[in-house]
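Secondary and tertiary structure notes
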Amino acid sequence: MSPSVPLQEMIRAIRSARTQCEERGVIQRECAAIRAQFRQSDNGGRSHNLAKLLYVHMLGYPAHFGQMECVRMIASPRYSEKRVGYLGAMMLLDEKQDASLLITNSIKNDLSHSNQYVQSLALCTLACMGSAEMCRDLAPEIDRLLRASNSYIKKKAALCAVHIVRKVHDLGELFTPAARSLLAEKNHGVLHGAVVLITELCERNQETLERFRKTVPDLVQIMKGLVISGYSPEHDVAGISDPFLQVRILRLLRILGRNNEGASDAMNDLLAQVATNTDSTKTVGNAVLYETVLTVLHIKSESGLRVLAVNILGRFLLNNDRNIRYIAMISLQKIVGTDHNAVQRHRGTIVDCLKDQDASVKRRALDLSLALVSASNVRSMMKELLLFLSSCPPELRAQAASGIFNAAERYAPSQRWHIDTILHVLTTAGGDVRDETVPNLIQLITNASELHCYTVHKLYRALLTDISQQSLVQVACWCIGEYGDLLLRGECQETEPVQVTEDDVLDALETVLQSHMSSPATRGFALTATMKLSTRITDNVDRIRSIVSIYGSCIDVELQQRAVEYNALFRKYDHMRYATILLVHSNNVHTVSISFERFVLKMQSSVFCSGSNRQVSPLVFLPQVCDLLDLLGGSEVTLQPIPAVGGTAPGLFTNTSSTTGGDLLDLLGGLEPAPPFFCSELSYLIFSAAPTVQVYEKAGVALTLSCEKQSDSGLTVTLTASNSTDSDISSFTLQAAVPKVCLIKHAIPTHTHQQTSFLC
């Protein structure tokens, strides 16, 4: 290919290359020819060669060797060469290269040129790649051109001044007077450049902003002229007169009216006129309306005008263009906190957007729907959100579930509704909820004591239906272990009665333990629930022991540790298993890994009393249990249950072996330490059947307990100490201790004189 081929021939040859290697060969040959001609002093085709080099640069090939040729062509007196030279400078040079400094003097000379098109070339180049040093040197020339009489030059100079202000903020004051005078121009191009320049000045300097607030009436007049003007072929776009200038003016008014009542009042009527007269059937009109809405929402506008703006956004939601629906929901999301009632009017349209096919629109609709939930509409909105959750894309389930949880916790009309809603979410998207959902729901169920029976029945049925949702299975296992006795009774007024046997419950838990879908954490919940049931059922304790023993060699360390501890509880502490597991319930040990042997030793306490033949003050236990009471903390005692009258549940425990660990508690000098006394939730029934029980008798001192049940959660225990010896007993002391989950009240009879201390 000859080096002198025209640009069109080179383009045709490059496009006809069949492979990339062939294309590189064509370009390399042409670049070599261009280099050779650049070296010639008499080169009449410089602009022709530089144009071809710029095309090569556009294809991504190196063209840096043409930078100096650009500098030389800019200095040329010929307009054709200047035009290509300036174009090459804008494409091949930038402010970081030293070669750009070489054209500063040429640009300065061309800014004073008599030809407006040469001036335009210099202005465009400076606005495109002018460095901070070039801007400082040429700023006075730009300010001079802003005051020129030629509108073509003034609009170019205004845009060049914008670049200078962005590069050197301190030069903004230089252009402020000239920018103010440009608003009096009739040319739309000059007005557009002036508005852009004023916007840039106001955003960067607060004093300049205050100064230009005085121009609000002028801007309002310009905008009104555009709105009410008739058809103008020069500026009309789809029936809207110069929408580009309208958008720029609205943005400037938004800046000038922010946090200023005077400026806001001056533009309220204009904004209402634009909002009502602009055609919303075309994209151009929607662009103007959107900027109008943003201006209304950012200034101190009237309440009626804000409602009008929200209604415009509501109409945007019905538009077929997804982009318009998207920006409408973004805008509504920003104002839902301040104009909640106005946005609520479009709740139905917003909910319908949840069915949109576009994922971005659907995500924004979800955010806005969650923000619209309130105490008055929580039931209807939650119904729609739960319906959306059942069919939403997987990437939105976690966000939807989290939002539903937050809304239900904040606006739940009742505890039952709250529990039902969370269970519905767990059933639908249990694998996408946050980690704290399970303990939060357990806490909610625990606090709703009147719903324990209803909840355990509902969770049991859910467990039989689906065990793939791990969060739901974990809560169900916990609830069955905690309230399994309510499930076995089958007496639930809020649900249809279902007869559940002990084998049915254990089968369900075994299914969870053996399922490949169960995570280690879920198996831990199921194993702990199985162990808890050993205190709730009577006929299948051996089966529970067998289930627990299987997991003593489990590969999962956490599950193995729990199984080993539960096995130890069966083997070494079977006489204490009932009370210990109840204490596990009250302290939520199912959520942590703790050695049961250490747990038993840590939680032991006792009641020890001694005294003469008199009645000691009653102890009133208000919450449910005083599970393990043993002040002989470190001593090892073997406890045997005393058979209860009229029942088979474990009752009171007595000491069958002596100990030497209670010396410090031997307040009577020669007496052995008092035996520990254990009671649990079900001991209330035993106490009702056997109201008086002798718990200690030695060396003439006898201790008798009498119990009276006050309520489902209250028990009165009266301790009577009698002295059958001939000598008096002095320094009589009562010590009582309960776990932190219990509350103890000590009532001292008025006819006694004794020292009382409490150990908690």
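Residues numbered from 1 in each chain as written. Predicted model: local features only at pLDDT ≥ 70, side-chain atom pairs only at ≥ 80, totals over all residues. Heavy atoms only, no water.

If you look the protein chain up in an unreviewed UniProt entry, it shows as AP-1 complex subunit gamma from Dicentrarchus labrax.

**Description of the overall build of the protein chain**
Secondary structure assignment for the protein chain yields 34 helices and 14 strands. Buried residues in the protein chain amount to 52% of all 760 residues. In the structure as shown, the protein chain presents an accessible area of about 35,500 Å², 50% of it carried by carbon and sulfur atoms. (Helix = DSSP H or I, 4+ residues; strand = E, 2+ residues; numbered from the N terminus. Buried < 20%, exposed > 50% of the residue type's maximum accessible area, 1.4 Å probe, protein only. Areas by Shrake-Rupley, 256 points an atom, 1.4 Å probe, with all protein chains shown as cover.)

**A short note on the pattern of salt bridges**
Proximity of charged atoms lets side chains of opposite charge pair with each other. Counted by the stated rule, this structure contains 29 salt bridges. The closest approach of N and O atoms between R78 and E81, which form a salt bridge, is 3.5 Å. The exposure class assigned to R78 is partly exposed, which follows from its relative accessible area of 48%. One salt bridge in this structure joins D110 and K82, with 3.0 Å as the shortest N-O distance. You can see D110 sitting in helix α6 (residues 104–111) and its partner K82 sitting in helix α5 (residues 79–92), a full 28 residues away along the chain. Each member of the pair D110 and K82 is classed as buried. (Salt bridge = Lys/Arg side-chain N within 4 Å of Asp/Glu carboxyl O.)

**Overview of the environment of N447**
Position of N447 among the secondary structure elements: in helix α25 (residues 437–447). Spatially, the C-alpha atoms of N447 and Q415 are 9.3 Å apart, while their sequence positions differ by 32 residues.

**Side note on the side chain of T292**
Mapping T292 onto the fold places it in helix α16 (residues 283–298). Once residues within four sequence positions are removed from consideration, T292 is found in contact with L250, L271, V274 and A275. (Contact = heavy atoms within 4.5 Å.)

**Description of the packing of aromatic side chains**
Per the counting criterion, the structure on display carries two aromatic pairs. Lying across the ring of F65, R35 places its NZ or CZ 4.1 Å from the centre. (Phe/Tyr/Trp six-rings, centres within 6.5 Å; stacked < 30°, edge-to-face > 60°. Lys NZ or Arg CZ within 6 Å of the ring centre and 35° of its normal.)

**Some words on the environment of G130**
Along the chain, the position of G130 falls in the loop between α7 (116–129) and α8 (132–146). Note on G130: relative accessible area 0%, which makes it buried. In this structure, the C-alpha to C-alpha distance between G130 and D94, residues 36 residues apart in sequence, is 7.8 Å. When neighbours within four sequence positions are excluded, G130 is seen to be in contact with E95, T125, C135, H163 and K167.

**Regarding the nonpolar core**
Ranked by internal contacts, the top residues of the largest apolar core, which has 181 residues, are I142 and F175. In terms of residue count, helix α27 (residues 470–489) provides more of this core than any other element does, 12 residues in total. Residue contacts for F175: discarding those within four places in its chain leaves A139, I142, D143, L146, A161, I164, V165 and L197. Among the nonpolar cores identified, the runner-up in size contains 10 residues, and I34, L54, M73 and L92 belong to it. (Core = buried A, V, L, I, M, F, W, Y, C linked by side-chain atoms within 4.5 Å.)

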